[in-house]
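Structural characterization, general
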Amino acid sequence: MQKRRYLEQSIKETFEKFGYKEIQTPTFETLELFTAKSGEGIIDELYSFTDKGGREIALRPELTAPVIRMYVEKLQMEPKPLKLFYFGNCFRYDRPQKGRYREFKQAGCEIIGSDTPEAYAELIAMAYKILKNAGLKNIQLNIGNLNILSSMFKNLKLSEDKQKYLIPLIDKALFEDVYDALTEFKINPKDATNFLEMLQTDDINKIIEYVKSDKSTLEEINKLKEILKILKNSFDVKDYNVKLSIVRGLDYYKGIVFEIEATNLGAEKQLCGGGAYELISLFGGKEFPTAGFAIGFDRSLIALETEKFVFPTQRIDAYVIPINEDTIEKSLEIANELRNNNLKADVDLMRRGVSKAMKYASSLNVKNAIIIGPDEIKNNSATVKDMDTGKQETVKIENLPKHIQG
Ligand code: AMP
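Every value quoted in this text rests on a predicted model; they were computed, and no experiment measured them.

1. Considering the nonpolar core
Across soluble globular proteins, nonpolar side chains show a tendency to be buried alongside one another. I143 and F293 are the most contacted members of the largest nonpolar core, which has 110 residues in total. Among the elements that line this core, the one with the most residues is helix α4 (residues 117-133), at 10 residues. Residues in contact with I143, not counting those within four places in the same chain, are I124, L224, L228, L231, Y240, N241, V242, K243, I246, I256, V257 and F258.

2. A closer look at unusual backbone geometry
Residue P81 is bonded to the preceding K80 through a cis peptide linkage, with omega at 0°. Despite not being glycine, K308 shows a phi value in the positive range, around 55°. Relative to the elements of secondary structure, K308 occurs in the loop between α11 (297-306) and β12 (318-322). According to the relative accessible area criterion, K308 is exposed, its value standing at 69%. Backbone geometry at N342 places phi at a positive 70°, although glycine is not the residue there. Structurally, N342 can be placed in the loop between α12 (328-340) and β13 (345-347).

3. Side note on the site of the ligand
Around the ligand, the structure places 13 residues, and the nearest of them are R92, Y101, R248, Q270 and G296. In this structure, an oxygen atom belonging to the ligand sits 2.9 Å away from a side-chain N or O atom of R92. Here an oxygen atom of the ligand and a backbone polar atom of G296 are 3.4 Å apart. Burial of the ligand by the surrounding chains reaches 89%, relative to a free accessible area of 490 Å². At the level of secondary structure, the elements contributing two or more residues to the shell around the ligand comprise β6 (103-112), β10 (270-277) and β11 (290-296). Ranked by residues supplied to the shell around the ligand, first place goes to β10 with 3 residues. By residue class, the composition of the shell around the ligand is 5 nonpolar, 4 polar and 4 charged.

4. A closer look at the pairing of strand β9 (residues 253-262)
Burial of β9 is extensive: 9 of the 10 residues sit out of reach of the surface. Pairing of strand β7 (residues 139-145) with β9 involves 7 bridges; the strand directions are antiparallel. Across the sheet, residue I139 finds its bridge partner in β9, namely A262. Two elements, β9 and β10, share 6 bridges in a ladder whose sense is antiparallel.

5. Some details on the sheet that holds β7
The sheet built from 8 strands is open, its strands ordered β1-β5-β6-β11-β10-β9-β7-β8 with mixed pairing. Every interior strand has two partners, whereas the edge strands, β1 (21-22) and β8 (240-242), have only one. When β1 meets strand β5 (residues 82-91), the two strands line up parallel, connected through 2 bridges. Paired with E22 across the bridge in β5 is F85. Where helix α1 (residues 2-17) meets the sheet, its contacts fall on β1, β5, β6 and β11, and the angle it forms with β5 comes to roughly 160°. Across the face of the sheet, α4 comes into contact with β5, β6, β7, β9, β10 and β11 while running at roughly 10° to β11.

6. Let's talk about helix α13 (residues 354-363)
Listed as buried for α13 are A357, M358 and A361. Seen from one end, α13 has its buried residues packed into an arc of 100°, which puts them on one side. Every exposed residue of α13 that faces more than 90 degrees away from the buried side is listed here: S355, K356, K359 and S363. Its buried side turned inward, α13 meets β12, β14 (368-372) and β15 (381-386).

7. Brief notes about the sheet that holds β15
A sheet is described by the order of its strands in space; here 5 strands give the open sequence β13-β12-β14-β15-β16, paired in mixed fashion. Two strands bound the open sheet, and with one partner strand each, they are β13 and β16 (392-396). Averaged over all adjacent pairs, the angle separating strand axes in this sheet is 25°, with direction ignored. With 3 bridges joining them, β12 and β13 adopt parallel strand pairing. Each bridged residue has a counterpart across the sheet, and for A318 the counterpart in β13 is A345. Along the sheet face, α13 touches β12, β14 and β15 and points at about 165° away from the line of β12.

Calculation rules
Residues numbered from 1 in each chain as written. Predicted model: local features only at pLDDT ≥ 70, side-chain atom pairs only at ≥ 80, totals over all residues. Heavy atoms only, no water. Core = buried A, V, L, I, M, F, W, Y, C linked by side-chain atoms within 4.5 Å. Buried < 20%, exposed > 50% of the residue type's maximum accessible area, 1.4 Å probe, protein only. Helix = DSSP H or I, 4+ residues; strand = E, 2+ residues; numbered from the N terminus. Contact = heavy atoms within 4.5 Å. Near = heavy atom within 4 Å. Polar contact = N/O pair within 3.5 Å; in protein donor to acceptor, adjacent residues only side chain to side chain. Areas by Shrake-Rupley, 256 points an atom, 1.4 Å probe, with all protein chains shown as cover. Nonpolar A, V, L, I, M, F, W, Y, C, P; charged D, E, K, R; others polar. Pairing = 2+ DSSP bridges. Axes fitted to C-alpha atoms, helices over the stretch in contact; angles between N-to-C directions. Arc of directions from axis to C-beta.

Okay, here's the thing in structure tokens:
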């Protein structure tokens, strides 16, 4: 929990540095909230049940839909842009493996009300900085755009069904299978090769060349270019890749999408996914631009552990040891006073010998041991041992808090 609390605190601080405010939604929602967003197919991936009142309920698999539901119900009148962040446990009916659980935690956010390039650049930069500020070194940021991908599909005159068949293959980067499927769909080899090249290139000029005949797609690319420029110049985020093969697997995303992966994790290496989407009107509200992302909390922790990140540890400032039964009361009093001075203090509760108590104190990695014997009480003082240096001093009891703080 210390590691988890460290990561949570670090993520929260970065969200707050960007002006985001925390929000919390319930663990369960109506099943309809998620089927409205993702279709009936999502039911197989959910924990859902009928409650005693006959309501169809689902444990949330993610928090974007719940946050937008709450926005529509309670927050529509708030000034824009509205910047909300959250931590929440999520549930997916999945086959568990390392980094993939049935219950896991997400840290995420939504920005409602702005679709300027600077809003998207800020969102992407924040996701990247959250992971960097937490201490991760080996992460890769990939940025794509679903409108560009759709227009590439349109160029090939692929039906919706065919697109639906290709999307999971593109998502899994199974490019040979994509090529085979395109051949089967009677796309000529040159067009298929070009299409695959666009999916894999990170050269935006090549992409512009490919779609330049389509004016609205060209506009979309110019917007993407602008976002990348702001990321680089204003947010100092330079090490990104353009990757048109990001599909995010969800139908409601529109336009910009991005993912961040941990380069030294195996199969489950995706730490963050996000982008622009439209959901408000689906839930009965007045549509505004919306975008957001979700970071896999547990996976980010695994990534930190894999990088051998040294998590900050909380140390107890002082361990008070009464030498005998006569000094127990004074020892408890001293520990109480230290706590009143905002110090972390523990006291021996086992009525054991000093050497055993010291051994326990050192196993707890305490900073100081405070030994209280009859002589010490007589002189109104304590023996303080610095457990790191081994140095021992006599300190007046009234000076103990200052001494330990110092
Ligand atoms: P998604 O909502 O699917 O885009 O997921 C966002 C992030 O949550 C992913 O990038 C993962 O890091 C994390 N995640 C998704 N599913 C799971 C899972 N079953 N177990 C652990 N983490 C997950």
